[in-house]
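Chain by chain, the residues run as shown.
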Amino acid sequence: MDQETLTMVTEFYFSDFPQFENGSLFFFIPLLFIYIFIIVGNFVIFFAVQLDTRLHNPMYNFISIFSFLEIWYTTVTIPKMLSNLVSEQKTISFIGCLLQMYFFHSLGVTEALVLTAMAIDRYVAICNPLRYAIIMTPRLCTQLSIGSCIFGFLMLLPEIVWMSTLPFCGPNQIHQLFCDFEPVLHLACTDTSMILVEDVIHAISILTSVSIITLSYLRIITVIMRIPSGESRQKAFSTCVAHITIFLLFFGSVTLMYLRFSVTFPPILDKAIALMFAVLAPLFNPIIYSLRNRDMKDAIKK
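Quantities reported herein were computed from a predicted structural model and do not represent experimental measurements. (Residues numbered from 1 in each chain as written. Predicted model: local features only at pLDDT ≥ 70, side-chain atom pairs only at ≥ 80, totals over all residues. Heavy atoms only, no water.)

Focus on a nonpolar patch on the surface
Phase 1 of the analysis: A surface patch of nonpolar side chains, about 450 Å² in accessible area, is lined by Ile146, Ile150, Leu154, Leu157 and Val161.
Phase 2 of the analysis: When residues of the nonpolar patch are traced back to their parent elements, those giving at least two are α6 (138–155) and α7 (157–164).
Phase 3 of the analysis: Ranked by residue count, the leading element in the nonpolar patch is α6, at three residues.
Phase 4 of the analysis: Relative to the helices and strands, Ile146 resides in helix α6. (Patch = residues over 30% accessible without salt bridge, like charges linked within 9 Å, V, L, I, M, F, W, Y side chains within 5 Å. Areas by Shrake-Rupley, 256 points an atom, 1.4 Å probe, with all protein chains shown as cover. Salt bridge = Lys/Arg side-chain N within 4 Å of Asp/Glu carboxyl O. Helix = DSSP H or I, 4+ residues; strand = E, 2+ residues; numbered from the N terminus.)

Laid out in structure tokens, this is it:
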């Protein structure tokens, strides 16, 4: 096609959201309450850790950072979903779409790295308790936290810059709940074989984190099972239950979403996975950390 005859796309349309008169309010109200709960719950956890000196240790610092990231991670997508449920236009600008992808995935990668740091912290605490204070120093924890943020936001930058150079000439309908790499790349009016490269990059980063966390917790469980006292064994295991649950929720949904390569799901299942990944997993974070941890419950009450 002659390049001069192309009409470049300046906005994308979310075609799969129901119209207001077709019952979108039925989805709007629960999603709004879920979003409010995520924001309030994670802010409560964040401030509880910051204000209670008993929780000023590496494990709770990582939890507070993860909760803070969850606030912005959900804010990147859910308000736009809510807007699409009550708006007639249901559109997003080209730049807005790129920014949504960038911040959504950058925050997601940062969260994955923080979860990895949390697994390393639990590994040192349980498998090498006598040297825990020497190894997990405040300086190292700060370095891990800042390093996770820097790497998370730099890793996605080349991919977003490359996508910003692609021509989009129509159609402009995104069949997903938010802007994501694969649905947007399929709309480009050029060779999109780079999707495979993008899948490989995501797979490597996801599998690296999953491998480190899995090996850490396997070693932790092995050590815990060797503890002779049943009470001590239960106490040691209870410190890891919340972390393992969040790990399974987060990386389980990530795996279904981004480690399927050429495997295609029915559209309704595709959106259900996206909803679990972007909404439901963050919803359970404040519930799990507040209900499964006595110190956290005491700090929240205080």
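A short note on the UniProt feature "transmembrane region" (unreviewed entry) in the protein chain
Phase 1 of the analysis: Look at the UniProt record and you will see "transmembrane region" (unreviewed entry) annotated at residues 25–48, 60–82, 102–120, 132–157, 200–224, 236–260 and 272–291.
Phase 2 of the analysis: Structurally, residues 132–157 is divided into 88% helix and 0% strand, and its ends, taken at the C-alpha atoms, are 35 Å apart. (UniProt positions renumbered as here; feature names shortened; annotations may be inferred.)

Points about the packing of helix α1 (residues 25–51) against helix α2 (residues 58–75)
Phase 1 of the analysis: Relative to each other, α1 and α2 sit at 155°, their axes nearing to 9 Å. With respect to their mutual orientation, α1 and α2 come out roughly antiparallel. Where α1 crosses over α2, the two elements pack in a sense that is left-handed. When α1 is examined against α2, the residues Tyr35, Ile38, Ile39, Asn42, Phe43, Ile45, Phe46, Val49 and Gln50 are found in contact with a partner set consisting of Tyr60, Asn61, Ile63, Ser64, Ser67, Phe68, Glu70, Ile71, Thr74 and Thr75.
Phase 2 of the analysis: In terms of residue class, the contact of α1 with α2 is built from 11 nonpolar, seven polar and one charged. (Axes fitted to C-alpha atoms, helices over the stretch in contact; angles between N-to-C directions. Parallel < 35°, antiparallel > 145°, perpendicular 65-115°, else oblique. Left-handed = near helix turned anticlockwise from the far one by under 90°. Contact = heavy atoms within 4.5 Å. Nonpolar A, V, L, I, M, F, W, Y, C, P; charged D, E, K, R; others polar.)

Section: unusual backbone geometry
Phase 1 of the analysis: A positive phi angle, near 55°, is found at Lys90, a position not held by glycine.
Phase 2 of the analysis: Within the secondary structure, Lys90 is located in the loop between α3 (78–86) and β2 (91–93).

Considerations on the sheet that holds strand β1 (residues 11–14)
Phase 1 of the analysis: What the three strands build is an open sheet, ordered β2-β1-β3; its pairing is mixed. Unpaired on one side and paired on the other, β2 and β3 (173–174) mark the two borders of the sheet.
Phase 2 of the analysis: Direction of pairing for β1 relative to β2: antiparallel, over a ladder of three bridges. Residue pairing in the sheet places Phe12 in a bridge with Ile92 of β2.
Phase 3 of the analysis: Contacts between helix α4 (residues 94–127) and the sheet are confined to β1, β2 and β3, with β2 contributing the most and set at about 85° to the helix. (Pairing = 2+ DSSP bridges.)

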